[in-house]
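Listed below are the residues making up each chain.
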Amino acid sequence: MGSSGSYVPTRPVDWSEIRAQLRASGLRWTPQRRTLIEVLSRTDGHVTGAELIERCRSVDPTTIPSTVYRTLDVLEGLGLVRHSHGANGREEFHVLPSGVHGHLHCTGCGSTWEIPADEAAEVVESLRASRRFAVDVTHLSISGQCAGCSEKTAH
Ligand SMILES: [Zn+2]
Ligand SMILES: [Zn+2]
Ligand SMILES: [Zn+2]
């Protein structure tokens, strides 16, 4: 899944600092967590929790899913990963750096597109004005039908 390059890049992650950051968050530095950090540092873009667990297991077969998810939670709190949801609601993790974006999911063909922050701005501004609601664009997932699929349905 490519990005258009129009996003504001965030600061690159210094994965060597993460051990200290996890300790400061009260997490022990364990081999499983080290494996997850190693896997994440080699991961780009979108990845599901199940995919991460699979990749961790190929390095360390004793990987426990709950440990992976708990660590991802803490890493999200530190701003190192972000999650959003696929069309079926499952969590997809973004490994930073990646630009702020939401997602479109086609329920017909299963395709996914990123919505850059500037494209989402109109919706964000409209909800801010009408409801004083602050939209979290990174957590915004919209399901529907893409152009190709809605054409097929119409015929
Ligand atoms: Zn969520
Ligand atoms: Zn489609
Ligand atoms: Zn995304």
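Residues numbered from 1 in each chain as written. Chains lettered and ligands numbered in written order. Predicted model: local features only at pLDDT ≥ 70, side-chain atom pairs only at ≥ 80, totals over all residues. Heavy atoms only, no water.

Visitor: Hey, could you run me through the packing of helix 2 (residues 31-41) against helix 4 (residues 65-77) in this one?
Guide: The description of two packed helices rests on the angle between their axes and on the distance between the axes. Running from amino to carboxyl end, helix 2 crosses helix 4 at an angle of 60 degrees, the nearest separation of the two axes being 10 Å. Viewed along their axes, helix 2 and helix 4 form a crossing whose handedness is right-handed. Contacts between helix 2 and helix 4 involve Gln-32, Arg-33, Leu-36, Ile-37 and Leu-40 from the first element and Thr-67, Val-68, Arg-70, Thr-71, Leu-72 and Leu-75 from the second. Residues belonging to the contact of helix 2 with helix 4 are distributed by class as follows: six nonpolar, three polar and two charged. (Axes fitted to C-alpha atoms, helices over the stretch in contact; angles between N-to-C directions. Helix = DSSP H or I, 4+ residues; strand = E, 2+ residues; numbered from the N terminus. Left-handed = near helix turned anticlockwise from the far one by under 90°. Contact = heavy atoms within 4.5 Å. Nonpolar A, V, L, I, M, F, W, Y, C, P; charged D, E, K, R; others polar.)

Visitor: So what exactly am I meant to see when it comes to the pattern of salt bridges here?
Guide: Counted under the stated rule, the structure contains two salt bridges. Arg-90 is the partner of Glu-92 in a salt bridge, and the nearest nitrogen-oxygen pair spans 3.4 Å. Of the charged contacts, one joins Glu-125 and Arg-128 as a salt bridge, the two residues approaching to 3.4 Å between their closest N and O atoms. Taken as a pair, Glu-125 and Arg-128 lie in helix 5 (residues 117-131) at a separation of three residues, close to a single helical turn. Taking relative accessible area as the criterion, Arg-128 reaches 41% and is therefore assigned partly exposed. (Salt bridge = Lys/Arg side-chain N within 4 Å of Asp/Glu carboxyl O. Buried < 20%, exposed > 50% of the residue type's maximum accessible area, 1.4 Å probe, protein only.)

Visitor: What exactly am I supposed to notice about the sheet that holds strand 4 (residues 101-106) here?
Guide: Pairing between the strands of a sheet comes from backbone hydrogen bonds, and it takes one of two forms, parallel or antiparallel. With respect to topology, three strands assemble into an open sheet ordered 5-4-6, the strand pairing being mixed. The open sheet has two edge strands with one neighbour each: strand 5 (112-116) and strand 6 (141-144). Taking each pair of neighbouring strands and ignoring which way they run, the sheet shows an average axis angle of 25 degrees. (Pairing = 2+ DSSP bridges.)

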